[in-house]
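The chain contents come next:
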Amino acid sequence: MIEDEELLLDVLNSAPRDGGEPMEYLHGQRGVDLARAHGGVIGSGDDAELRCLRIARDGLQDLIRGNEAAVESLQELMSEATMRADVTPSGVEWKLSAPSDVQLAARVLQAWSRVNEHLPGRLRACANTECNLYLIDHTRPGTAKWCSMATCGNRMKARAHAARTRRSGSRN
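Remember, it's a predicted structure, so these values are computed and weren't measured experimentally.

Enquirer: Could you clarify how one ought to interpret the overall build of the chain in this entry?
Expert: On a plain count of helices and strands, the chain comes out with 6 helices and 6 strands. Reading the chain from its N end, one meets helices and strands in the order α-β-β-α-α-α-β-β-α-β-β-α. Sorting the 172 residues of the chain into buried and exposed places 36% on the buried side. Counted over contacts in the chain with a minimum sequence separation of 6, partners at least 24 positions apart contribute 48%. Of the roughly 10200 Å² of accessible surface on the chain, 50% is carried by carbon and sulfur atoms.

In structure tokens, the structure reads:
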């Protein structure tokens, strides 16, 4: 597993659809819990870190879906982030340096970059157009399509089967 891969997916999947209606998990207590679970510094009532996570999520979702205009908002978010070199007896360790409200969002963007580098083309949106979740395909052939076989996969296969059945039945 790539460093912060779980953080990346948790943030990307923080705006699911429920019956077609978008939901928002990067607000309120649910957002605070998500940030804290991944080492965020968010304080109660402090929305700056969650705002940065929403900017990162929305920009990355747009990029993954092919909208390259999102690069601008992500670049603006990362404008104060830098990498600092710490030389140790065993080598150089690179440390992220960013304002506290940007730190977690910057880690999300680093994880996205690492996934693209190590697993090119494997980070994708669920093939179910009614879903707004994302997956990192770890299968050997790289053919995973759905965020979950148990939900979207079964649903989409059932729809495809029903459509084939209707087509073949209408020819008789």
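Enquirer: Please clarify how the packing of helix 2 (residues 28-37) against helix 3 (residues 48-64) should be interpreted in this entry.
Expert: Contact geometry for helix 2 and helix 3: axes closest at 10 Å, N-to-C directions at 80 degrees. Comparing their axes, helix 3 and helix 2 come out roughly perpendicular. Where helix 2 abuts helix 3, its residues Gly28, Gly31, Val32 and Ala35 lie against Glu49, Leu50 and Leu53. Its residues assigned to classes, the contact of helix 2 with helix 3 comprises 4 nonpolar, 2 polar and 1 charged.

Enquirer: Please clarify how the nonpolar core should be interpreted in this entry.
Expert: As a rule of thumb, nonpolar side chains are buried together in soluble globular proteins. Core analysis: the largest hydrophobic core is formed by 36 residues, its most contacted members being Leu8, Leu53 and Leu60. Of all elements in the fold, only helix 1 (5-12), helix 2, helix 3, helix 4 (71-77), helix 5 (100-118), strand 5 (123-125) and strand 6 (134-136) reach the threshold of two or more residues within this core. Looking at this core element by element, the count peaks at 8 residues for helix 5. Ignoring sequence-local partners within four residues, the contact set of leucine 53 consists of Val11, Leu26, Ala35, Leu104, Ala105 and Val108.

About the cut-offs
- Residues numbered from 1 in each chain as written.
- Predicted model: local features only at pLDDT ≥ 70, side-chain atom pairs only at ≥ 80, totals over all residues.
- Heavy atoms only, no water.
- Helix = DSSP H or I, 4+ residues; strand = E, 2+ residues; numbered from the N terminus.
- Buried < 20%, exposed > 50% of the residue type's maximum accessible area, 1.4 Å probe, protein only.
- Contact = heavy atoms within 4.5 Å.
- Areas by Shrake-Rupley, 256 points an atom, 1.4 Å probe, with all protein chains shown as cover.
- Axes fitted to C-alpha atoms, helices over the stretch in contact; angles between N-to-C directions.
- Parallel < 35°, antiparallel > 145°, perpendicular 65-115°, else oblique.
- Nonpolar A, V, L, I, M, F, W, Y, C, P; charged D, E, K, R; others polar.
- Core = buried A, V, L, I, M, F, W, Y, C linked by side-chain atoms within 4.5 Å.

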